[in-house]
Structure formats: structure tokens, C-alpha cells
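# Per-entry structural report
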Amino acid sequence: MSGGEVAGILVAVFWAILVSFLAVALVRLAQTLKATTKLVADVTDQAVPLLADASTAVRSAQTQIDRVDAIASDVQEVTSNASALSTTVASTFGGPLVKVAAFGYGVRRALGGRKEDVPAKAPRRTVIVGRTVPAARRNKRKKD
């Protein structure tokens, strides 16, 4: 065999090995793509019901939010009505009730006079440099 024939055989063997590696790589790539396609189909089959459930949950939450909004507006209306009623009652009855109470107090004072069992007022005390001095001593100091 000559050098040219050996080189041809080596090139042919190299190409055969290269084609074999490429065929194995293509077969594995085809298997990977097939598995990926199956996985995507499975995820899609599971995602559609999950999305439907999520949509139902969002609708339910929106309904609850609408109810809470209606309740909040009702509470606000009740609060404003209570405030208006309180203002009306205070302005209607507040002044006359104070006048009636003052009149009643005056009548009791005028008719009752001073009761004998009520003790007289305690004498006033004066504070000098942080201490309290009884009225008797205070009068004594004033005389000095």
C-alpha cells in the first residue's frame, strides 16, 4: 500500500467516526425535543385548569370587594347621619337644658339657704418659698 492509499483510508475512517458521532448527537437531540414537547403539553394541560381557578378566585374577590365597598359607604352615611343628629340634639336641647339647670340651682340656693351641717370653708393657705404656711401664722407674719 502506498502512502496515498493509507491517507485515503484514514480520511474515510475519520469521516465515518465523525458521521457516527453526529448521528448519535442528532438522535439524542431528537429525544430531548420529544421530551420537551411532552413536558410543555403536560404543563399546558395543568395550567389551563389552574388559570380557570385563578380567574374564579379573582371574580370572587372582586365580588367581596364590592360588598365591602357598599358596607363602607353605608357606614359613612350612618356616621354622617349620627353626626347631624348629634348636632341637632345639642343645638335644640343643649341651651335650654343648661338654662333649666342653672335656674334649678338658683332656686335651690335661694330657697335652701346655707345648711347648718355643711362645714365652713377651710382657711386659705399661702405658699412661701415652697412650703405652706397656715392662716394663723400668716396673719402673725403680716403684723411683724
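Residues numbered from 1 in each chain as written. Predicted model: local features only at pLDDT ≥ 70, side-chain atom pairs only at ≥ 80, totals over all residues. Heavy atoms only, no water.

## Observations concerning the overall build of the chain
- When its secondary structure is counted, the chain shows two helices and two strands.
- Listing the helices and strands of the chain from first to last along the sequence gives α-β-β-α. (Helix = DSSP H or I, 4+ residues; strand = E, 2+ residues; numbered from the N terminus.)

## Things to note about a nonpolar patch on the surface
- The grouping of Val 11, Phe 14, Trp 15, Leu 18, Val 19 and Leu 22 at the surface amounts to a nonpolar patch, some 590 Å² of accessible area in total.
- Looking at where Leu 18 falls in the secondary structure, it is placed in helix α1 (residues 3-112).
- Taking the relative accessible area as the measure of exposure, Leu 18 reaches 31% and is therefore partly exposed. (Patch = residues over 30% accessible without salt bridge, like charges linked within 9 Å, V, L, I, M, F, W, Y side chains within 5 Å. Areas by Shrake-Rupley, 256 points an atom, 1.4 Å probe, with all protein chains shown as cover. Salt bridge = Lys/Arg side-chain N within 4 Å of Asp/Glu carboxyl O. Buried < 20%, exposed > 50% of the residue type's maximum accessible area, 1.4 Å probe, protein only.)

## Digging into the confidence of the model for the chain
- Mean pLDDT over the chain stands at 83; residues scoring 70 or higher make up 77%.
- For the chain, the element scoring lowest by mean pLDDT is helix α2 (residues 135-143), at 57; α1 scores highest, at 90. (pLDDT = per-residue confidence, 0-100.)

## So, the pattern of salt bridges
- As enumerated under the stated definition, the model contains one salt bridge in all.
- Notably, a salt bridge pairs Asp 42 with Lys 38, separated by 3.8 Å at the nearest N-O pair. Of this pair, Asp 42 and Lys 38 both sit in helix α1, separated by four residues, roughly a single helical turn.

## Overview of the UniProt feature "transmembrane region" (unreviewed entry) in the chain
- Mapped onto this numbering, the UniProt entry annotates "transmembrane region" (unreviewed entry) at residues 6-29.
- Helix and strand shares over residues 6-29 are 100% and 0% respectively, and the end C-alpha atoms of the span are 34 Å apart. (UniProt positions renumbered as here; feature names shortened; annotations may be inferred.)

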